[in-house]
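# Fold and contact review
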Amino acid sequence: MTNTIDTTRLRRATSRDGGLLAELAARLFEETFGPDNDPEDMRSYLASSFSEGKQLAELEDDDRAVWIALDPSSEAIGYASIRRGRRGEGVVGDRPAEVQRIYADRRWHGRGVAAALMSACVEQARAWDCDVLWLAVWERNPRAIAFYEKTGFRKVGRQIFTLGGDLQHDDVMARSLG
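Residues numbered from 1 in each chain as written. Predicted model: local features only at pLDDT ≥ 70, side-chain atom pairs only at ≥ 80, totals over all residues. Heavy atoms only, no water.

## Concerning the pattern of salt bridges
- Counted by the stated rule, this structure contains 15 salt bridges.
- For Glu 23, the salt bridge goes to Arg 27, with nearest N and O atoms at 3.4 Å. Linking Glu 23 with Arg 27, this pair stays in helix 1 (residues 18-33), spanning four residues, or about one helical turn.
- Looking at Glu 23, the relative accessible area reads 42%, which means it is partly exposed.
- Classification of Arg 27 by relative accessible area gives partly exposed; the value is 27%.
- Measuring nitrogen to oxygen at the nearest pair gives 3.0 Å for the salt bridge that ties Arg 43 to Glu 40. Of this pair, Arg 43 and Glu 40 both sit in helix 2 (residues 39-49), three residues apart, which is roughly one turn of that helix.
- Residue Glu 40 is classed as partly exposed on the basis of its relative accessible area of 46%. (Salt bridge = Lys/Arg side-chain N within 4 Å of Asp/Glu carboxyl O. Helix = DSSP H or I, 4+ residues; strand = E, 2+ residues; numbered from the N terminus. Buried < 20%, exposed > 50% of the residue type's maximum accessible area, 1.4 Å probe, protein only.)

Rendered as structure tokens:
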């Protein structure tokens, strides 16, 4: 599946993208959350969560799908990862799917990249016949929370997220796909 937004393109990631996704995911996570977190906690989390091997395993999982957003020169500027079968606290539905990660390079904020990535996640969840789509978002990320609310998500619960040695709180948000 390829979607075009202005001059941005989405493509489905494949197992050949393990290295690209590891670099992109770590860079965008640190860009988004680095300034608000302890550098040692950030280093620990990045090392444990975004290795090439871990990304490759996720790309080869049939219950996951990943899209990469590309700028006009084919540079990766964002990505989204969705997985089916997991349920967060407060999520109601028989066939859930989770938007596990969705990030856009800060230079591309407000230009439709995140909206295109979210649309791809919704389409994939519907193709899997899921009845609810959910995600977890750091309670201290108001820009993301506002975006998710704009795309139909509502707060349904809360969960703990561990960044290195720091226990943080995420809001669990969900939207029906019915």
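Let us keep going from here.
## Re the nonpolar core
- Ranked by size, the top nonpolar core spans 31 residues in total, and within it Ile 82, Leu 117, Met 118, Leu 133, Leu 135 and Tyr 148 carry the most contacts.
- Elements that contribute at least two residues to this core include exactly strand 3 (64-70), strand 4 (76-84), strand 5 (96-104), helix 4 (113-127), strand 6 (132-138) and helix 5 (142-150).
- For Met 118, the residues in contact, after removing those within four places along its chain, are Val 99, Ile 102, Leu 133, Leu 135, Phe 147, Tyr 148, Thr 151 and Phe 153. (Core = buried A, V, L, I, M, F, W, Y, C linked by side-chain atoms within 4.5 Å. Contact = heavy atoms within 4.5 Å.)

## Focus: the packing of aromatic side chains
- This structure, assessed with the given rule, holds 12 aromatic pairs.
- Ring geometry for Phe 29 versus Phe 50: centroids 5.8 Å apart, planes at 50°, classification tilted. Remark: Phe 50 occurs in the loop between helix 2 and helix 3 (52-59) and Phe 29 occurs in helix 1; sequence separation between them is 21 residues. For the pair formed by Phe 29 and Phe 50, the shared burial category is buried.
- Relative to Phe 161, the ring of Phe 29 has its centre 6.5 Å away and its plane inclined at 40°; by these criteria the two rings are tilted. Of this pair, Phe 29 sits in helix 1 while Phe 161 sits in strand 7 (residues 154-163); the two residues are 132 residues apart in sequence, bridging distant segments of the chain.
- Residue classification places Phe 29 among the buried positions, given a relative accessible area of 4%.
- By way of ring pairs, the aromatic residues Phe 29, Phe 33, Tyr 45, Phe 50, Tyr 79, Tyr 103, Trp 138 and Phe 161 are connected into one cluster.
- A cation sits over an aromatic face here: Arg 12 above Trp 67, 5.4 Å from the ring centre. (Phe/Tyr/Trp six-rings, centres within 6.5 Å; stacked < 30°, edge-to-face > 60°. Lys NZ or Arg CZ within 6 Å of the ring centre and 35° of its normal.)

## Focus on the environment of Gly 152
- Along the polypeptide, Gly 152 turns up in the loop between helix 5 and strand 7.
- Counting along the chain gives 112 residues from Gly 152 to Glu 40, while the straight-line C-alpha distance between them is 35 Å.
- Gly 152 has contacts with Ala 174 and Arg 175, leaving out every residue within four places of it along the chain.

## A short note on the environment of Ala 104
- Within the secondary structure, Ala 104 is located in strand 5.
- Residues Ala 104 and Gly 85, spaced 19 residues apart in sequence, show a C-alpha to C-alpha distance of 25 Å.
- Look past the residues within four positions of Ala 104 in its chain and what remains in contact with it is Leu 28, Glu 31, Ile 77, Gly 78, His 109 and Val 113.

## Things to note about the pairing of strand 5
- Of all nine residues making up strand 5, nine are buried, and the element is well covered by its neighbours.
- Two elements, strand 4 and strand 5, share seven bridges in a ladder whose sense is antiparallel. Bridge pairing in strand 5 places Arg 83 opposite Glu 98.
- Pairing of strand 5 with strand 6, which is carried by three bridges, proceeds in the parallel orientation. Residue pairing for strand 6: Pro 96 is matched across the bridge by Val 132. (Pairing = 2+ DSSP bridges.)

As far as function goes, none of this settles anything; it's purely spatial.
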